[in-house]
Amino acid sequence: MTTTQGLDRDGCIAREGSLDRVPPAFAPVVTAARERIAAAFGPDRLHSAYLYGSVPRGTATPGVSDLDLLLALHHEPTPADRAAADALEAALDAEFAQVDGVGVLLFGTGTLLSELERHDLGWFVACLCTPLLGEDLAARLPRYRPTSLLARETNGDLALALPRWRERAAAAGTDVELRALVRAASRRLVRTGFTLVMPRWGGWTSDLAASAEAFAGYYPQRADQLRLAAGTARTPTADRATLAVLVDDLGPWLAAEYAAVHGVKAPRP
């Protein structure tokens, strides 16, 4: 049983997706993804595959939503693995009008199960990913609660993203590039704003609007900015003034407040 705040009856974060929730319009895409992943990688390379995002949550919109996949490999990904994943992304995106883009994440099982990633990628697999193929790695991971440690290790590195976003903004020469940046930055800012308050709010949600409202209850002076980010995450704009509000005003404040409340994410190699 899942509560209204995304927890099970024991107070742990409930896995949010299920194959039973995949909207009918996306069922052919998921079937094709399963078949093509198995064919492209095979049991010698692939440990398991997962869906995440709006499709397994049942909230995807045909022609608007993307398809998000994570592949856990027996070994750390090689350039050949990445090339195979790129080809899979392109083929599925071209064939199915239901999806507006396909993304495939690749990780070795050693990384996903490592102590360093226990409260980031491990949590992501256990709570936000829906098994599609192979043995479910969640069985080898702990159960998770909405703690300050989880907040720190999932989103405690926002400060590292801000310079990269500014570089992308300076280099962007088209509206398409600007909208892609606004969408990515907005999503990250909303997730960070939500996990800043997650331990106090006492639950989990992936819904952008709900995340912004949870944040607003604790930081009313920044509520409109995070609501703006939630809106542009769903409907991105190419307006540079909006981007400046997100990256040059909200972003630095949020990174500093996050570090003060939860600390900074452990460095990755």
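Since this is a predicted model, take the numbers as computed values, not measurements.

A. Region of the structure containing the overall build of the protein. For the protein, the helix and strand inventory stands at 11 helices and 4 strands. The C-alpha atoms of the protein give 18 Å as radius of gyration, which agrees with the globular expectation for 269 residues (18 Å, within 12%). Each of the three principal axes of the protein carries a C-alpha extent, and together these read 50 × 45 × 40 Å. Counting contacts in the protein only where the partners sit at least 6 residues apart, residues at least 24 apart contribute 73% of the total. Put simply, the protein shows about 12,000 Å² of open surface, and 56% of that area lies on carbon and sulfur atoms.

B. Looking closely at the state of the cysteines. Counted according to the given criterion, the structure contains 0 disulfides. Take Cys 127: it sits in no disulfide, and the sulfur closest to it among the cysteines is that of Cys 12, at 8.4 Å.

C. Layout of the sheet that holds strand S1 (residues 46-52). The 4 strands lie next to each other as S3-S2-S1-S4, forming an open sheet whose pairing is mixed. Only two strands of the sheet have a single partner each, and these edge strands are strand S3 (102-108) and strand S4 (129-134). Across this sheet, the average inter-strand angle for adjacent strands is 25°, counted without regard to direction. Of the strands in this sheet, S1, strand S2 (67-73), S3 and S4 touch helix H1 (residues 27-45), which is tilted by about 155° from S1. Taken strand by strand, helix H5 (residues 121-128) contacts S1, S2, S3 and S4, and its axis lies near 85° from that of S4.

D. Highlighting the packing of helix H7 (residues 158-171) against helix H11 (residues 240-262). Running from N to C, H7 and H11 cross one another at 160°; their axes reach a closest spacing of 9 Å. Comparing their axes, H11 and H7 come out roughly antiparallel. For the element pair H7 and H11, the recorded crossing hand is left-handed. Of the residues in H11, those touching H7 at Leu 158, Ala 159, Leu 162, Trp 165, Arg 166 and Ala 169 are Arg 240, Leu 243, Val 247, Asp 248, Gly 251, Pro 252, Leu 254 and Ala 255. Its residues assigned to classes, the contact of H7 with H11 shows 10 nonpolar, 1 polar and 3 charged.

Thresholds applied
Residues numbered from 1 in each chain as written. Predicted model: local features only at pLDDT ≥ 70, side-chain atom pairs only at ≥ 80, totals over all residues. Heavy atoms only, no water. Helix = DSSP H or I, 4+ residues; strand = E, 2+ residues; numbered from the N terminus. Rg over C-alpha atoms; globule rule 2.2 N^0.38 Å. Contact = heavy atoms within 4.5 Å. Areas by Shrake-Rupley, 256 points an atom, 1.4 Å probe, with all protein chains shown as cover. Disulfide = S-S within 2.5 Å. Pairing = 2+ DSSP bridges. Axes fitted to C-alpha atoms, helices over the stretch in contact; angles between N-to-C directions. Parallel < 35°, antiparallel > 145°, perpendicular 65-115°, else oblique. Left-handed = near helix turned anticlockwise from the far one by under 90°. Nonpolar A, V, L, I, M, F, W, Y, C, P; charged D, E, K, R; others polar.

What is shown is where atoms sit, not what they do.
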